[in-house]
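Below, each chain spelled out in residue letters.
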Amino acid sequence: MPTPLPAPYFVAASASAAALIGLDPALLAQPDYVELLSGNSVAERSQPLAAVYSGHQFGVWAGQLGDGRAILLGDIATENGPMELQLKGAGATPYSRMGDGRAVLRSSIREFLCSEAMAALGIPTSRALAITGSQQGIMRETVETAAVVTRMAPSFVRFGSFEHWFSRKKPDELKILADYVIDSFYPELRTQDNPYQALLAEVCRRTAHMIAHWQAVGFMHGVMNTDNMSILGLTLDYGPFGFMEAFDAEHICNHTDSQGRYSYANQPQVGHWNCYALGQALLPLIGEVSLAQAALDSYEPAFAAKMNELLRAKLGLRTEQGDDSQLFDAMFAVMQANHVDFTNFFRALGNLQVGAPENDTELRDMFIDRPAFDGWALQYRARLLLEQSDDLPRKLAMDQVNPKYVLRNYLAQVAIDKAQRQDYTEVAQLLAVLQKPFDEQPEHQHYAALPPDWASHLEVSCSS
């Protein structure tokens, strides 16, 4: 059962998430809903529970883990299937180990904003319905105030959920879980010759596509442990995440990750590694190593195909050509050498005019080595001419896939700083901007600005 918070108050809510469960978002600020969303009261038909799982953390087997501070309230029927509601930060569970089961306002705001920002970007993700807070002190590196995020997803089952029963040598429980996932979320796999192999292959495909979407917007998860990987291919458990700013493929957004295991460049390979961990856990059900391997072999081609598709869209290319990968590699090489802002570069690229290189000033000025950009732009223009690309339709298409607004760390920090002074207006304003990431929103132009100097000192870690 949730542990009540003293004097809880409303912080923010997402109208978009509320609409998924047919709820009027205005209700969420009402006292009775604040009590529910803080764990101070429990709905009549709710049967709260915490789920056990195990997992690999930073590539090392960590054994039993579980919902140490997440409590599932139940699910709500929607026209698109059931949606589970979960409180994060509502107190200790049987799996809290040495933790207090709480979350702090700082990390809760980051998760709330990023969940909804990712959804607006069209990236598979869990959702965030609301945040409530309390002045109760929570000790982390310093004393912070408590908060609860209400998260939503069709399911919070993880790779680690399967690893748990495999590691415990509990094949009956492993089968119950796998059958539940197949019957509830992948019923079309039940007719396959080997539904458990088909499950592994489908999860590999979804995970590969999810990570390709991450790479395409410069998103870094920060803690890609197997217990943070969704069996539905959803972005799950927002902690020390970050969006790429000055491009560096080796960038590490999580300051706890001293070895760089979860750097931007490593994310695709780590996703594959995590699928291998899931494959090992499912092996008693799949039956043969060769069948599991065949399912796992689908990951790399699925990632490559989706990544190339997304990059062609980002560059406004309508056709697929044999030398596309050379064009993409050359682009990332010149971005790397000049540490160009990831989001702003792709957004500005839509303004390039095929027949007017003299108008490239805005793009060229993003590069220290302007001739290097000119060299790549020559290749790019040749590619556009090959398919007789028209400037205006291409720009319109590119602006629908290259966001102008992403959740930069400094924007989140400004909202957090105000919220810690009990001013929650910036959380709501930033959410509104991020829910329309592809729109120009000229009145909010400053949200697309490069980070200020003070932002270089921001650090995010596993502590939350």
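Just so we're clear, the structure is a prediction, and the values are computed from it rather than from any experiment. (Residues numbered from 1 in each chain as written. Predicted model: local features only at pLDDT ≥ 70, side-chain atom pairs only at ≥ 80, totals over all residues. Heavy atoms only, no water.)

Enquirer: Can you walk me through the packing of aromatic side chains in this structure?
Expert: Aromatic ring pairs are reported here in terms of the distance separating the ring centres and the angle at which the planes meet. Within this structure, the stated rule accounts for 20 aromatic pairs. Note on phenylalanine 247 and tyrosine 264: the rings are 5.9 Å apart at their centroids and 85 degrees apart in plane angle, and the pair reads as edge-to-face. Pair noted here: phenylalanine 247 is in the loop between strand S10 (242–243) and helix H7 (267–286) and tyrosine 264 is in the loop between S10 and H7, with a separation of 17 residues, a long-range link. Accessibility assignment for this pair places phenylalanine 247 and tyrosine 264 in one class, buried. Here the aromatic rings of tryptophan 376 and tyrosine 380 are separated by 5.0 Å at their centres, their planes lie at 15 degrees, and the arrangement is stacked. Here the residue tryptophan 376 and the residue tyrosine 380 both occupy positions in helix H13 (residues 370–386), the gap between them amounting to four residues, near one helical turn. Relative accessible area serves as the criterion here: at 0%, tyrosine 380 is assigned to the buried category. Through pairs of rings, three or more aromatic residues link up here, namely Phe247, Tyr264, Phe332, Phe342, Phe345, Phe346, Phe367, Phe373, Trp376 and Tyr380. Here the guanidinium or amino end of arginine 261 rests over the ring plane of tryptophan 273, the centre of that ring lying 4.7 Å away. Above the face of the phenylalanine 346 ring, lysine 314 is positioned so that its terminal group lies 4.4 Å from the ring centre. (Phe/Tyr/Trp six-rings, centres within 6.5 Å; stacked < 30°, edge-to-face > 60°. Helix = DSSP H or I, 4+ residues; strand = E, 2+ residues; numbered from the N terminus. Buried < 20%, exposed > 50% of the residue type's maximum accessible area, 1.4 Å probe, protein only. Lys NZ or Arg CZ within 6 Å of the ring centre and 35° of its normal.)

Enquirer: Just to check I follow, could you spell out the environment of phenylalanine 367 for this structure?
Expert: Within the secondary structure, phenylalanine 367 sits in the loop between helix H12 (361–364) and H13. The contact partners of phenylalanine 367, leaving out residues within four places of it in the chain, are Val334, Met335, Asn338, Val340, Phe345 and Phe373. (Contact = heavy atoms within 4.5 Å.)

These results come straight from atomic positions and should not be treated as a statement about function.
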